[in-house]
Amino acid sequence: MSDLPEFIKYLYEKYRVLDDGSLASYIPELTKANPDWFAISIVTKEGEVFQVGDSQEHFTIQSMSKVFVYGMALEDQNREILLEKIGVEPTGDPFNSVIRLDENSKRPDNPMVNAGAIATAGLIKGVNATDKLNRLLAMFRRYIGHDVFIDAPVFMSERATGHRNRALANLLLNFGIIDNNIEEILDLYFQQCALVVNCQDLAMMAATLANRGVNPITNKQAVKPCYVRDILSVMHTCGMYNYAGEWAYRVGIPAKSGVSGGIIGVIPDKAGIAVFSPLIDSKGNSVRGIKVFEDLSDEFDLHLFDSPLEKCSFLEISKNKKDVVSQVMGNG
Ligand SMILES: NC(=O)CC[C@H](N)C(=O)O
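The notes below deal with the structure included here. Just so you know, these numbers come straight off a predicted model, no measurement behind them. (Residues numbered from 1 in each chain as written. Predicted model: local features only at pLDDT ≥ 70, side-chain atom pairs only at ≥ 80, totals over all residues. Heavy atoms only, no water.)

## Details of the environment of T60
Thinking step 1. Turning to its location among the elements, T60 is positioned in strand β3 (residues 59-60).
Thinking step 2. Residue classification places T60 among the buried residues on the basis of a relative accessible area of 3%.
Thinking step 3. Spatially, the C-alpha atom of T60 lies 9.1 Å from that of G262, the residues being 202 residues apart in sequence.
Thinking step 4. Ignoring sequence-local partners within four residues, the contact set of T60 consists of L30, D151, V154, C193, A194, L195, V197 and S260.
Thinking step 5. Looking at T60, its side chain comes within polar contact range of the side chain of Q62, at 3.0 Å. (Helix = DSSP H or I, 4+ residues; strand = E, 2+ residues; numbered from the N terminus. Buried < 20%, exposed > 50% of the residue type's maximum accessible area, 1.4 Å probe, protein only. Contact = heavy atoms within 4.5 Å. Polar contact = N/O pair within 3.5 Å; in protein donor to acceptor, adjacent residues only side chain to side chain.)

## Some points on the pairing of strand β7 (residues 271-276)
Thinking step 1. Burial within β7 is extensive, with six of its six residues counted as buried.
Thinking step 2. Residues A271, I273 and V275 line one face of β7 and the alternating positions G272, A274 and F276 line the opposite face, and both faces are buried.
Thinking step 3. With six bridges connecting them, strand β1 (residues 39-44) and β7 associate as antiparallel partners. Across the sheet, the residue bridging to T44 is A271, located in β7.
Thinking step 4. Relative to β7, strand β6 (residues 262-267) runs antiparallel, the two being bridged by six bridges. Residue I267 lies in a different strand from β7, and its bridge partner there is A271. (Pairing = 2+ DSSP bridges.)

## Overview of helix α7 (residues 152-161)
At 3.6 residues per turn, the α-helix brings residues three or four places apart onto the same side.
Thinking step 1. Every buried residue of α7 is listed here: V154, F155, S157 and E158. Burial along α7 is one-sided: seen end-on, the buried residues are contained in an arc of 165 degrees.
Thinking step 2. Considering only its buried residues, α7 is in contact with β3, α8 (163-174) and α9 (182-193).
Thinking step 3. Where α7 begins, one side-chain oxygen reaches toward the backbone nitrogen of V154, 3.1 Å away; that side chain belongs to D151. (Arc of directions from axis to C-beta.)

## Overview of unusual backbone geometry
Thinking step 1. Here the phi dihedral of Q62 falls at roughly 45 degrees; this positive angle occurs in a residue that is not glycine.
Thinking step 2. Phi angles above zero are rare outside glycine, and Y241 is one such case at about 60 degrees.
Thinking step 3. Structurally, the position occupied by Y241 is in the loop between α11 (225-238) and α12 (244-250).

As C-alpha cells, this is what we get:
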C-alpha cells in the first residue's frame, strides 16, 4: 500500500494556511483567480491518479506550455537547427527580461524564458496561422488525453498588454531569429499560454514526459521519445527561471512553473507531479508549489542525485513521518 494519498492530504493541510505571495497582475485577467485555490495531482506512468484539493479547477497553463511547444519545435525542426536559434543556458534573470537578449545580440539563452519561447513559437510549422494553432492544440490534446481549448479573455488580455513580449519579439526580429510576421508569432505564443488546463491535466502531461512521451491513459505518443531527454534537460536547468539553481539543489526534479500558479515536475520512468496555487513569489513561482515539491522530494527521495542506495521504495514514507502525518490528519 502506498503512503502517497495520505501524504499529499497532509501536505495540503500543512500548506493551505500559507498565504504568502500574490496573484500575477501584469496580465489583468489573472487577477480573477481565487488565492485559496490549491491542488496537488500525481499521475504515475501506469496512469494511476492521486490528488487532493481543487484539482478540477480551470486556469491557463502560461509558461508551463513552453516545455511542450519546445518539444514540438524539436520535432518540426531538429536539435541542431533549434540550437542555432535558441540556446540551452540558464539566465539567472527574470523570465521576461530583455537584457541578455540585447547584450548577447545573437539568440535567446533558452526556451524556458519568454525570449526563447517566442522564438520557439516562430519555429512551429504550418501553412498559415490557423494551421499552426491547430497543430499546437493537437499536440496538447495528445499530452492531456482530451479536447482542449483557449481562454479567449486571457488571450486578449495578454495580447493587449504584452508590451514587453512585443519588445522581445522586435529584438528577435532585429537579430534574425524570427521573421517579420511578429504579430502572428506573438498570437501563437499568447494562445499557447492561454490554454485551459486543470491540475490533473498538468500531472498527466508531466506523466507523459515521465513515460517517454506516451500518454499513460490513451497510450498515444505525444512527442518522439528521442526528444524527451532534451525537454527534461532544459526543464532541469532553466524551468524555474532565476530560481532554477536553488530548485535543482533543493528539489532536484526537472520542473516548469507558470505565473498562473502551476508547477509541473517529472520523475523519469515513474510519475508526473503538478501543484496548483495561484499565489506566486517575486520570481513568478507558486509559493505553496515550491513547498510541496520540496517536501515530496525529501520524503520520497525524488532528487535526481539522491543515492540509489538511499532511495526509499517509491511513495513510501518513514515511520517517523507516518506518525507526524497521522497526528496532523487527526487519526494518530
Ligand atoms: N512565467 C509565465 O508564466 C509567463 C507567461 C506569460 N504569458 C508571459 O509571457 O509573460
